[in-house]
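Chain and residue survey
Each chain, written out:
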Amino acid sequence: MKVAIVKYNAGNVQSVRFALERLGVQATWTDDPVALKNAGKVIFPGVGEASSAMRYLKERGLDELICSLEQPVLGICLGLQLFCRHSEENDTTCLGLFDAEVRLFRPKNGLKVPHMGWNNLCHLRGPLFDGVAEQSYAYFVHSYYAEENPQTNASTEYGAPFSAAMQRDNFYAVQFHPEKSGSTGQKILNNFLRIKS
């Protein structure tokens with residue numbers, strides 16, 4: 001199976017590649033439109049900043065390409081946020097695959113920003129979570145979050161509930177880092193790899 005990791009102005013690619021290698025999959029890191037179009041699965045990871053990432057995508061025509069993909073696509077962390085309509089991070093218009101606003105956590109009641117650590121996943125739905133137990137833990141590192149919306153298929157709470165995962169058609173996204181979430185994350189990545197086109 002050909003798996004392509006989208007190359008753009010964001011980091012954290014190596015840990016995703018290593019997680020896939022543990023599942024027996026070699027992935028290509030690329031911003032080549034043909035390679036992305038021809039991949040069986042596409043992963044859009046991210047640790048970075050929304051506006052510079054969107055600028056990189058637009059300069060290379062990858063914004064329109066990603067929205068046109070028909071195979072299963074998985075956004076991780078910043079990837080989930082860029083799949084949304086808009087981000088408060090530098091007032092960024094995003095890809096609009098999910099009808100959700102991305103907001104900055106406001107420190108309150110002793111909560112620190114960024115949100116960093118292990119949180120429970122609840123209200124799990126869809127093929128990403130086959131065999132994953134309610135209240136399983138996943139690892140989060142982020143200052144921005146997507147509101148809950150009709151496309152939310154897993155939630156968690158940090159001060160208030162937010163989208164831990166979303167799905168629309170062939171587009172899947174998780175706010176947490178499955179590549180850093182132990183056996184739960186490995187199960188979720190493996191579930192993604194098993195989704196039929």
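Relevant structure appears above.
Calculation criteria
- Residues numbered from 1 in each chain as written.
- Predicted model: local features only at pLDDT ≥ 70, side-chain atom pairs only at ≥ 80, totals over all residues.
- Heavy atoms only, no water.
- Pairing = 2+ DSSP bridges.
- Helix = DSSP H or I, 4+ residues; strand = E, 2+ residues; numbered from the N terminus.
- Buried < 20%, exposed > 50% of the residue type's maximum accessible area, 1.4 Å probe, protein only.
- Contact = heavy atoms within 4.5 Å.
- Phe/Tyr/Trp six-rings, centres within 6.5 Å; stacked < 30°, edge-to-face > 60°.
- Lys NZ or Arg CZ within 6 Å of the ring centre and 35° of its normal.
- Axes fitted to C-alpha atoms, helices over the stretch in contact; angles between N-to-C directions.

Quick word on the sheet that holds strand β7 (residues 101-104)
Strand pairing in a sheet relies on backbone hydrogen bonds. The paired strands run either parallel or antiparallel. The four strands lie next to each other as β6-β5-β7-β10, forming an open sheet whose pairing is mixed. The open sheet terminates on both sides in strands that have one partner only, identified here as β6 (92-93) and β10 (144-146). Of the pairings in the sheet, the one linking strand β5 (residues 86-87) to β6 comprises two bridges and is antiparallel in character. Its bridge partner being in β6, His86 is matched across the sheet by Thr93.

Structural notes on the pairing of strand β4 (residues 73-76)
By the alternation rule, side chains of β4 split into Val73 and Gly75 and Leu74 and Ile76, which are all buried. In this structure, strand β3 (residues 41-44) lies alongside β4, joined through three bridges in parallel fashion. Bridging across to β4, Ile43 finds its partner in Leu74. Two strands pair when backbone bridges link them, and β4 and strand β13 (residues 171-174) are joined in this way by four bridges, in the parallel orientation. Paired with Gly75 across the strands is Ala173, a residue of β13.

Notes on helix α3 (residues 50-59)
Of all 10 residues in α3, seven are buried, a share of seventy percent or more. Listed as buried for α3 are Ala50, Ser51, Ser52, Ala53, Met54, Tyr56 and Leu57. Residues of α3 that are buried in the fold lie against β3, α4 (62-68), α5 (78-82), β5 and β6. Just downstream of α3 lies Gly61, where phi reads positive at about 70 degrees.

Points about the packing of aromatic side chains
Taken as a whole and judged by the stated rule, the model has 12 aromatic pairs. Relative to Phe44, the ring of Tyr8 has its centre 4.6 Å away and its plane inclined at 10 degrees; by these criteria the two rings are stacked. In this pair, Tyr8 is assigned in the loop between β1 (3-6) and α1 (13-22) and Phe44 in strand β3, connecting sequence segments 36 residues apart. Ring geometry for Phe83 against Phe171: centres 6.0 Å apart, planes inclined by 85 degrees, an arrangement best described as edge-to-face. Note that Phe83 is positioned in the loop between α5 and β5 and Phe171 in strand β13, a separation of 88 residues in sequence. You'll find Phe83 and Phe171 in the same group, each marked buried. An aromatic cluster of at least three residues, connected via ring pairs, comprises Phe105, Phe140, Tyr145, Tyr158, Phe162 and Phe176. Positioned above the aromatic ring of Trp29, the side-chain terminus of Lys7 is 5.1 Å from the ring centre. When the ring centre of Tyr56 is taken as reference, the NZ or CZ atom of Arg60 above it lies at 3.5 Å.

Things to note about the sheet that holds β4
An order of β2-β1-β3-β4-β13-β12-β11 is seen for the seven strands of this open sheet, with the pairing classed as mixed. Each edge of the open sheet carries a strand with a single partner, namely β2 (27-30) and β11 (152-157). Strand-to-strand, the axes of this sheet are offset by a mean angle of 20 degrees, without reference to chain direction. Sheet topology note: the β1/β3 ladder contains three bridges and is parallel. Bridging from a neighbouring strand, Ala4 pairs with Val42 of β3. Sheet contacts for α1: β1, β2, β3 and β4; angle to β1, the most-contacted strand, approximately 165 degrees. Running over the sheet, helix α6 (residues 182-194) touches β1, β3, β4 and β13 and is turned about 140 degrees from β3.

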